[in-house]
Each structure stands twice: as C-alpha cells, then as structure tokens.
Amino acid sequence: MSSDVSSLFKAYDIRGLSPQQVDETFAARLGAVLTEEFHPAHVLVGWDMRQTSPALEAALTEAFVARGVNVTRIGQCSTPLFNVSVGLGNGAYDLGVMVTASHNPGQYNGFKLVRGDVSPIGQGSGMEQVRERFVSSDAFMPDVSLARGTVTNDPDALARYLDHVCALVDTANLPPIAMAIDAGNGMEGVILPALIKRLPQITFHTLYTTPDGSFPNHEANPLKIETLKDLSALVVKERCALGVAFDGDADRVGFVDEQGEPVPGDLLTAMLARPMLAAHPGARVLYDLRSSWSTRDAIIEAGGEPAMCRVGHAFIKRQMRQEGALFGGELSMHFYFKDLWNVESGDLALLLFLQLLAVSGQPLSALWKPLKRFAKTEEINSEVADADAALARVEKTFAPTASSISMLDGIRMEFGVAADGARGADAWWFSVRKSNTEPVVRLIVEAVSEKVMIEKRDALLEMIRG
C-alpha cells in the first residue's frame, strides 16, 4: 500500500479524511489486522457522531465477527465513556476500538485503540506494528472453518460510566450555581442529559447539544479561543459561575470564568491538582513540557511532586502507569486520572472544578488569575521546509548558554535559572518541537518579564522560519 496510507497512522491514533482515505474497506482491513496482531477473543467498540462513523463501525465489527471475535457494541459514545467501559470490564475485553477523529473537522474520521487494561496503542506501544501489518500484508480472509463471533449490544454503559465518575466526587455537596456548557455538537451531547439529572442543584445553560458531525456552529476544539465566543457570551448573559466547552469526542474540556475569560490549559492543571492533592498529599502530578512555570510551582505549593512529561495522551498515560502518578494535565486540556485507569474525562474535570469552587468560596477568576505569574506565548505554529534543520539551528545557537536542556520532546531549554531552581529577573524558557499531527514546528516561550519574552520569541521565530 502507498505511503499515503501509512501516514494515517499517527503517534496517538489513526486519522484521515473520510471517506476519501478512511472508508469501510479501510475499517474492515483494520479489523482483520488487529485480529492478526493481537488475537483478541472479545473487543469493545464505540463510535462518535461523525457522518461516516456508523458505516465504519459496522465494517469494523463485521471484520472482527467474521474472524471469530466476540464484539460488545456500546453505540454512540464519548471517548471517556468508551475508555471507562473497557476498564469497567475488569479484563473481559482484550481490545477496544473507538471510531473517532477527536477534535478534527467534520471531514475527518479515524480510530483510537486501547488494550484490555485501557493502555493506549500508540507510538512505542504497538502502533508501528499495526501500521506495518496494515501496509505490507496481503488482504486477510477470514477462516471459514471458525465459528463466527457474537455481537452484544450494551445499553447500560452510560449509566455505569456516570456511576463510576460521580462516585469520585461528593456531588451532593456541590454548590447551587449556574453554569454554561457548550457541547460543540459533539459527544458530550449524549452524556449531558444524564449528567444534568444527577446534579439537580445546578442550573445548566447549554449550547449545541445535538451531536452533528458536520459541526454546524463551530469547530469543537476548546483550545482555540475563537470557538469559545458563544460560551463566553452565554456565561456573561446568564451570570454563570463558569462555562465549560468540550471537544468533539469529549475527552478534552476547556473552561471560561464568570467574566467569560478563557482559562489557559496549563493553569487548569495547576488548579485541578489542588483538590486531588488535598486528598492524596505527596502524590506525583504530571504536567506537559509546554506548561507554565506556574503549573510546577502550584503543584509543589499544594504538597505534590511535579514531573514533566511528553506531549500526547499515549505518552502521558504510559508515564502515569510507570510512575504511579495521581493526575496529569496537558496544555491542550486533556486531564488524566489514576482513578480512571489513567485516562481522560472532561466530566470528572467539570465535577472537580465545581468541588473546588464549593471549597474555596471564591469565583473562578480569583483562583486562576493569581497563577498567571509569567509572560507566556500561546503555542505558535510555523510551517517550515525542513523541521529537523530548524531545530538543529535552534539547538546550536542557544545550547551554550542554557541553564538546562531537555530533549524529552523536541528541545526545551531554560535560561537564568539557578541550580536550586531560583529564577533571575531575566529568566526564560522555550519549547520547540515537531508536531505529531501536523506538518509544523511548534514554539512556546515564557519569561519572568514581558520584555524578555517578546525579544526571545521574535528571535526564535526568525531562526525557525529561516
């Protein structure tokens, strides 16, 4: 098969234009490949609201069943509901496949893969083998001597998911406030009606709750400030305590405060760590290498042990397992919980924020704005002809004066930081790395002062863009 097909196998998942690249034939072949590679006896399958998802799910399921694999179908679901359903199977499933393209625009679709212990199949954990078998092998024909597998529909997966998530928070004592939720025409629209019934003290104002894979109102990506415009307006209009926005498959969640101002993802990690560390003092909390110094400082102040991690859910989940971390957060607004098999749940993050508001007695703006202690850029993307050459130029220029250098994911360097961690008045850091999902180089710069941040940002961009 062509290299174009090979390129659909990403670091975290499988994703491409659908049906142009990812169609029913692709889904059927994937089911055959996964059967050959992992020899599952029982697979759990779910799908999102994208227009091609039902056909892809049907072809995938038939490929498994034709090869003697038993399939449990939970139907249309969010990725957190899918992941937790695999975990709640307590070993009943050998594999899980979610048909989704996450936050990508409506013309995309794909697959997220997990093992029976909910560990993701990604770069370094099986995706390369799946890709090579998919690309290089002949078409797999089912063995007609085998009995067909069974298909079971599970209508109770949502209730079990919410039972598990709500048991992790004292929902009865959450504050009687008003809040706004933008489901983005994504899969949170399936979860929300059942969640609302469990929180009668909360007044909900909702936007775009009908699942629609064409995303008629806006792209379902809370990392993009422009997608939060309607949510911010609703928060101010209805005098809500906060607003919450989900991405397409509802594994990422963004927040705006009572003034309608978006809260940066790394500062959300800092705040979410507080209630969790109050219950588990001294626990390890992961934060991705793009996060502000404030995130690390806040974890320490809350009595936790901070640890930096790579960008991407497959890498973070693996590190959480290896290090026994309690919680992990990304700038991209993925939040990972040990109590959920180290997977994301925007629903649990929402409940924890309500709990944080109840305990603090303060508005959300008063909780996050004091954490904005440094001058920091957004993640800046640059399209370059040769990403490796761009990173090499940066490394050669800045390495001689760096206080510390990390090659964990691209290049991250700190400057003006003493051995004991003390930061000088001109201290700053940058992270530059190649994207795992797009043909771009990504840059973040943070400094103690705005002047230094602007100076270093501009110098780095000029060097990266050649």
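Overview of the structure. (Residues numbered from 1 in each chain as written. Predicted model: local features only at pLDDT ≥ 70, side-chain atom pairs only at ≥ 80, totals over all residues. Heavy atoms only, no water.)

## Re the packing of aromatic side chains
So, point 1. All chains considered together, the criterion is met by 15 aromatic pairs.
So, point 2. For the ring pair tyrosine 12 and phenylalanine 315, a centre distance of 6.0 Å and an interplane angle of 80° mean the geometry is edge-to-face. With tyrosine 12 in the loop between helix H1 (3–6) and strand S1 (14–17) and phenylalanine 315 in helix H11 (residues 313–323), the pair connects residues that are 303 residues apart, well separated along the chain. The same class applies to tyrosine 12 and to phenylalanine 315, which are both buried.
So, point 3. A centroid spacing of 6.1 Å and a plane angle of 20° characterise the contact between phenylalanine 415 and phenylalanine 430, whose relative ring orientation is stacked. (Phe/Tyr/Trp six-rings, centres within 6.5 Å; stacked < 30°, edge-to-face > 60°. Helix = DSSP H or I, 4+ residues; strand = E, 2+ residues; numbered from the N terminus. Buried < 20%, exposed > 50% of the residue type's maximum accessible area, 1.4 Å probe, protein only.)

## Describing helix H12 (residues 346–360)
So, point 1. Its 15 residues give H12 an end-to-end C-alpha distance of 21 Å, which sits within 8% of 21 Å, the value for a rise of 1.5 Å per residue.
So, point 2. Those residues of H12 not exposed but buried are Gly346, Asp347, Leu348, Ala349, Leu350, Leu351, Leu352, Phe353, Leu354, Leu356 and Leu357.
So, point 3. Once H12 ends, the next one or two residues include glycine 361, with phi positive near 70°. (Expected span 1.5 Å × (residues − 1).)

## A short note on the sheet that holds strand S9 (residues 242–246)
So, point 1. Taken together, the 4 strands give an open sheet; going across it, the order is S8-S7-S9-S10, and neighbouring strands pair in mixed fashion. Unpaired on one side and paired on the other, strand S8 (203–207) and strand S10 (253–256) mark the two borders of the sheet. Averaged over all neighbouring strand pairs, the angle between strand axes comes to 20°, with direction disregarded.
So, point 2. With 4 bridges connecting them, strand S7 (residues 178–182) and S9 associate as parallel partners. If you follow isoleucine 181 over to S9, its bridge partner there is valine 244.
So, point 3. Across the sheet, helix H8 (residues 229–238) touches S7, S8, S9 and S10, and the angle it forms with S8 is around 150°.
So, point 4. Lying over the sheet, H12 contacts S7, S9 and S10, oriented at roughly 170° with respect to S9. (Pairing = 2+ DSSP bridges. Axes fitted to C-alpha atoms, helices over the stretch in contact; angles between N-to-C directions. Contact = heavy atoms within 4.5 Å.)

## Quick notes on the sheet that holds strand S2 (residues 42–47)
So, point 1. Here we have 6 strands laid out as an open sheet, ordered S1-S5-S4-S2-S3-S6, and mixed in their pairing. Lying at the two open borders of the sheet, with one neighbouring strand each, are S1 and strand S6 (151–153). Neighbour-to-neighbour, the strand axes of the sheet open up by a mean angle of 20°, direction not taken into account.
So, point 2. Across 4 bridges, S1 lies against strand S5 (residues 108–115) in antiparallel orientation.

## Some words on the packing of helix H6 (residues 157–166) against H12
So, point 1. Look at H6 against H12: their axes get within 10 Å of each other, and the N-to-C directions meet at 35°. For the element pair H6 and H12, the recorded crossing hand is right-handed. Counting all contacts with H6, which are made through Tyr161, Val165 and Cys166, the residues of H12 involved are Asp347, Leu348 and Leu351.
So, point 2. Per-class residue counts for the contact of H6 with H12 are 5 nonpolar, no polar and 1 charged. (Left-handed = near helix turned anticlockwise from the far one by under 90°. Nonpolar A, V, L, I, M, F, W, Y, C, P; charged D, E, K, R; others polar.)

## A short note on the packing of helix H14 (residues 387–398) against helix H15 (residues 450–464)
So, point 1. Between H14 and H15, the least distance of the axes is 9 Å, while the angle of their chain directions is 135°. Judged on the interaxial angle alone, H15 and H14 are oblique. Residue-level inspection shows Ala390, Arg393, Val394, Thr397 and Phe398 of H14 in contact with H15, the latter providing Leu460, Met463 and Ile464. (Parallel < 35°, antiparallel > 145°, perpendicular 65-115°, else oblique.)

## Notes on the state of the cysteines
So, point 1. Applying the stated criterion to the full structure yields 0 disulfides.
So, point 2. Free of any disulfide, cysteine 77 has its nearest cysteine sulfur in cysteine 166, 17 Å distant.
So, point 3. Look at cysteine 77 and you get buried, because its relative accessible area is 0%. (Disulfide = S-S within 2.5 Å.)

## Examining the environment of glycine 184
So, point 1. Locating glycine 184 in the fold gives a position in the loop between S7 and helix H7 (188–197).
So, point 2. You can call glycine 184 buried: its relative accessible area is 1%.
So, point 3. As for glycine 184 and tyrosine 208, which are separated by 24 residues in sequence, their C-alpha atoms are 5.3 Å apart.
So, point 4. Leaving out residues up to four positions away in the same chain, glycine 184 has contacts with Leu207, Tyr208, Phe215, His218 and Ala220.

## Re helix H9 (residues 265–279)
So, point 1. Here H9 contains 15 residues, and its C-alpha end-to-end distance of 22 Å stays within 8% of the 21 Å for a straight helix at 1.5 Å per residue.
So, point 2. A bend of about 25° at alanine 273 is the largest found in H9, and the proline proline 275 appears one to four places after it.
So, point 3. Buried residues dominate H9, accounting for 12 of its 15 residues. (Bend = angle between axes of the 7 residues up to and from the residue.)

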